[in-house]
Amino acid sequence: MANEKQSKYISDLAVAKTKEFKEVKELLKANEIIGADATIVDNAQTIAEITGALTDMQASKLIDALIATKAPERGTAYSKKRIDSVTTLLDDIKKDIDAWDFPSATTAPDYGALANSLAPKVLKAVGILNNPEIDPDTRQRNQEILLREVAKSIYEKTYEMNAFDMQIAHTKGPGIDDRYYGMAKVASNSVSTGAA
């Protein structure tokens, strides 16, 4: 089985050198690293499943094959259209958040349900950005911006509503944590690694 360092390196190389996860499987067969009848690799849904099935030697050969592979060309005009589309969708999400209000004078809003109601639009935006034609760094950076802005808007709105509810004048909270960096990396890399 490939060791942890090999698995991580293969994952990073796959993101840089391929556009889609299926290319990794094709590379394994084209370079005869695995046999044509390798059903584990054929059925694998992620890089982790593939590296888990490879020996150390096979993992080393895959690393060499990925290093030798030329990075694919990706056009910036295509990326710009998708980023503009996500920006419009983000504005729409922020309007939804801004429209949150108290259901009644005696009932507090269910912030979890309100946040969950945004999921379809957020996932649509993530899907628009997760296109193999967009450079991996551009994909990840824009995923970070998207997720950070949504989280920031939710935080600010819920804080504002609670401060209003408690009649606290001019309050500001410490902000949100930075989990969106990891989420953006996983989402961005999923195009080439199959990670969910």
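So, here is what we can say about the structure in this document. (Residues numbered from 1 in each chain as written. Predicted model: local features only at pLDDT ≥ 70, side-chain atom pairs only at ≥ 80, totals over all residues. Heavy atoms only, no water.)

Its place among the elements puts alanine 77 in helix H6 (residues 76–98). By relative accessible area, which is 55% here, alanine 77 ends up exposed. Put simply, alanine 77 and isoleucine 134 are 57 residues apart on the chain and 9.6 Å apart in space, counted from C-alpha to C-alpha. (Helix = DSSP H or I, 4+ residues; strand = E, 2+ residues; numbered from the N terminus. Buried < 20%, exposed > 50% of the residue type's maximum accessible area, 1.4 Å probe, protein only.)

The next point concerns helix H10 (residues 179–193). When the terminal C-alpha atoms of H10 are compared, their 20 Å separation across 15 residues agrees well with the 21 Å that a helix rising 1.5 Å per residue should span. One or two steps after H10, the chain reaches glycine 194, where phi turns positive at roughly 80°. (Expected span 1.5 Å × (residues − 1).)

Tracing the sequence through the fold places lysine 25 in helix H2 (residues 21–30). No salt bridge forms around the buried lysine 25; measuring N to O, its nearest opposite-charge neighbour aspartate 42 is 6.2 Å away. Separated by 3.0 Å, the side chain of lysine 25 and the backbone oxygen of aspartate 42 make a polar contact. If we ignore the near neighbours within four places in the chain, the residues touching lysine 25 are Val41, Asp42, Asn43, Ala44 and Ile50. (Lys, Arg positive; Asp, Glu negative; His and termini not counted. Salt bridge = Lys/Arg side-chain N within 4 Å of Asp/Glu carboxyl O. Polar contact = N/O pair within 3.5 Å; in protein donor to acceptor, adjacent residues only side chain to side chain. Contact = heavy atoms within 4.5 Å.)

Okay, the pattern of salt bridges next. Per the stated rule, a full pass over the model turns up 9 salt bridges. A salt bridge links lysine 157 to glutamate 160, with the nearest nitrogen and oxygen atoms 3.5 Å apart. Of the two residues, lysine 157 and glutamate 160 are both situated in helix H9 (residues 136–165); the distance of 3 residues between them amounts to about one turn of the helix. Residue classification places lysine 157 among the buried residues on the basis of a relative accessible area of 9%. Note on glutamate 160: relative accessible area 46%, which makes it partly exposed. Via salt bridges that share partners, Asp92, Asp96 and Lys121 belong to a single interconnected network.

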